[in-house]
Amino acid sequence: MTKIVVVDNHGQFTHLERRALRDLGVETELIDNDTPPEDIDADGVVLSGGPDMDRTGKSADYLTADVPVLGICLGMQLIADELGGRVDSGDYGGYADVTVELTDEDDPLTGSLHPETRVWASHADEVVELPDGFERTATSDVCGIEAISDTDRDLYGVQWHPEVAHTAEGDVIFENFRDICEAN
């Protein structure tokens, strides 16, 4: 059975990320973000959302753990920031219902949602510059970089929250990530 751990960055929806994976039949565990990668045995890692980049513990260490990583909201921002991209305050803060345009129909994480989907997202902070090796795979009128992928390193991120009921087709993101982990 595929095992994916969810690294808890103190987000209000983190428990829903674990539940979404469990509902797909994935063995899953919610772990504290101070847990070092060498202490876990998993096929993939979800870096949860959270309130503050300064409270992400050892989350950045998972980026070199040789398993696929999915960053959600703050988790995506952490990926970008740690790998040479840039995160800044968004023009539109707070949560909102957003129509996202999927820009790469072949992307293993978001491509099956092409050409667009509705999501629930916070844009208080957002990725404004991609790190080397990443492609932008989604955009919106609210945020220029809604999703990112580096398929060579199996690192992925979405600005939105696929785990909440307000996001249409959010389960597809988790299904696709499970498939990425199983293929790795």
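Where an unreviewed UniProt entry is consulted, the protein appears under the name GMP synthase [glutamine-hydrolyzing] subunit A, with the organism given as Natrialba chahannaoensis JCM 10990. The heading Pathway (unreviewed entry) in the UniProt record of the protein holds the text "Purine metabolism; GMP biosynthesis; GMP from XMP (L-Gln route): step 1/1." Regarding the protein, the relevant UniProt record gives this comment under Catalytic activity (unreviewed entry): "XMP + L-glutamine + ATP + H2O = GMP + L-glutamate + AMP + diphosphate + 2 H(+)".

J.: Can you explain the overall build of the protein? Please cite residues and give values.
T.: Looking only at helices and strands, the protein has three helices and eleven strands in total. When the helices and strands of the protein are listed from N to C terminus, the series reads β-α-β-β-β-α-β-β-β-β-β-β-β-α. Computed over its C-alpha atoms, the radius of gyration of the protein comes to 14 Å, within 12% of the 16 Å expected for a compact globule of 184 residues. On the principal axes, the C-alpha backbone points of the protein span a range of 40 × 30 × 30 Å. Scored against the burial criterion, the 184 residues of the protein give a buried share of 53%. Relative to all contacts within the protein whose residues are 6 or more apart in sequence, the contacts with residues 24 or more apart total 67%. Looking at charge distribution, the protein has the averaged site of its 11 positive side-chain charges lying 6 Å from that of its 42 negative ones.

J.: Break down the packing of aromatic side chains for me, citing the residues and quoting the values.
T.: Between two aromatic rings, the relevant description is the distance of the centres plus the angle of the planes. Under the definition given, this model contains two aromatic pairs. Aromatic pair Phe-13 and Tyr-95: ring centres 5.8 Å apart, planes at 75°, arrangement edge-to-face. Here Phe-13 is found in the loop between β1 (3-8) and α1 (14-23), whereas its partner Tyr-95 is found in strand β6 (residues 95-102), with 82 residues between them in sequence. Overall, Phe-13 belongs to the buried group, its relative accessible area being 16%. On the basis of relative accessible area, Tyr-95 is assigned to the partly exposed category, the value being 34%.

What counts as what
Residues numbered from 1 in each chain as written. Predicted model: local features only at pLDDT ≥ 70, side-chain atom pairs only at ≥ 80, totals over all residues. Heavy atoms only, no water. UniProt positions renumbered as here; feature names shortened; annotations may be inferred. Helix = DSSP H or I, 4+ residues; strand = E, 2+ residues; numbered from the N terminus. Rg over C-alpha atoms; globule rule 2.2 N^0.38 Å. Buried < 20%, exposed > 50% of the residue type's maximum accessible area, 1.4 Å probe, protein only. Contact = heavy atoms within 4.5 Å. Lys, Arg positive; Asp, Glu negative; His and termini not counted. Charge placed at Lys NZ, Arg CZ, Asp CG, Glu CD. Phe/Tyr/Trp six-rings, centres within 6.5 Å; stacked < 30°, edge-to-face > 60°.

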